[in-house]
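A closer look at the structure
Here is how the chains run, residue by residue.
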Amino acid sequence: MAVDGPGYRRIIETGKLATEKKLNVVVGLQFRYEIALNKMVEKIHAGEIGDVLSMDVYYNIGLATVHPRKYRSNGIGISN
């Protein structure tokens, strides 16, 4: 999320502000594990595609879905 000290401090401050507002900071790393994207990167690195001058990537998966949190009898949340 950060590559230097100022960036790290900005993230920490954002996290504190989010906590004060009862919000969360979330990072999406879904592209890291996307098979098709990884295959494309392999082809680029192997020189099969040529010089990449520009690229746009979108993760279009349809409407956002909310999965209500499940709770144990002691009130502690469990994953879906």
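Considerations on the overall build of the protein chain
Secondary structure assignment for the protein chain yields 2 helices and 2 strands. Looking at the protein chain as a whole, 2% of its 80 residues are labelled buried. In the protein chain, the share of contacts with a sequence separation of at least 24, taken over all contacts with a separation of at least 6, comes to 19%. Within the structure as shown, the protein chain displays about 7,800 Å² of accessible surface, and the carbon and sulfur contribution to it stands at 55%.

Describing a nonpolar patch on the surface
On the surface, Met-1, Val-25, Val-27 and Leu-29 cluster together into a nonpolar patch covering about 400 Å² of accessible area. Among the secondary structure elements, Val-25 is positioned in the loop between helix 1 (5-20) and helix 2 (35-45).

Here's the deal with the pattern of salt bridges
Applying the stated criterion across every chain yields a total of 2 salt bridges. Of the charged contacts in the structure, one is a salt bridge between Lys-43 and Glu-48, with a shortest N-O distance of 3.5 Å. Residue classification places Glu-48 among the exposed positions, given a relative accessible area of 55%.

Considering unusual backbone geometry
Among all residues except glycine, the phi angle is most often negative; among peptide bonds, the trans geometry is most common. Here Lys-22, not a glycine, exhibits a phi torsion of approximately 60°, which is positive. Here Lys-22 shows up in the loop between helix 1 and helix 2.

Thresholds applied
Residues numbered from 1 in each chain as written. Predicted model: local features only at pLDDT ≥ 70, side-chain atom pairs only at ≥ 80, totals over all residues. Heavy atoms only, no water. Helix = DSSP H or I, 4+ residues; strand = E, 2+ residues; numbered from the N terminus. Buried < 20%, exposed > 50% of the residue type's maximum accessible area, 1.4 Å probe, protein only. Contact = heavy atoms within 4.5 Å. Areas by Shrake-Rupley, 256 points an atom, 1.4 Å probe, with all protein chains shown as cover. Patch = residues over 30% accessible without salt bridge, like charges linked within 9 Å, V, L, I, M, F, W, Y side chains within 5 Å. Salt bridge = Lys/Arg side-chain N within 4 Å of Asp/Glu carboxyl O.

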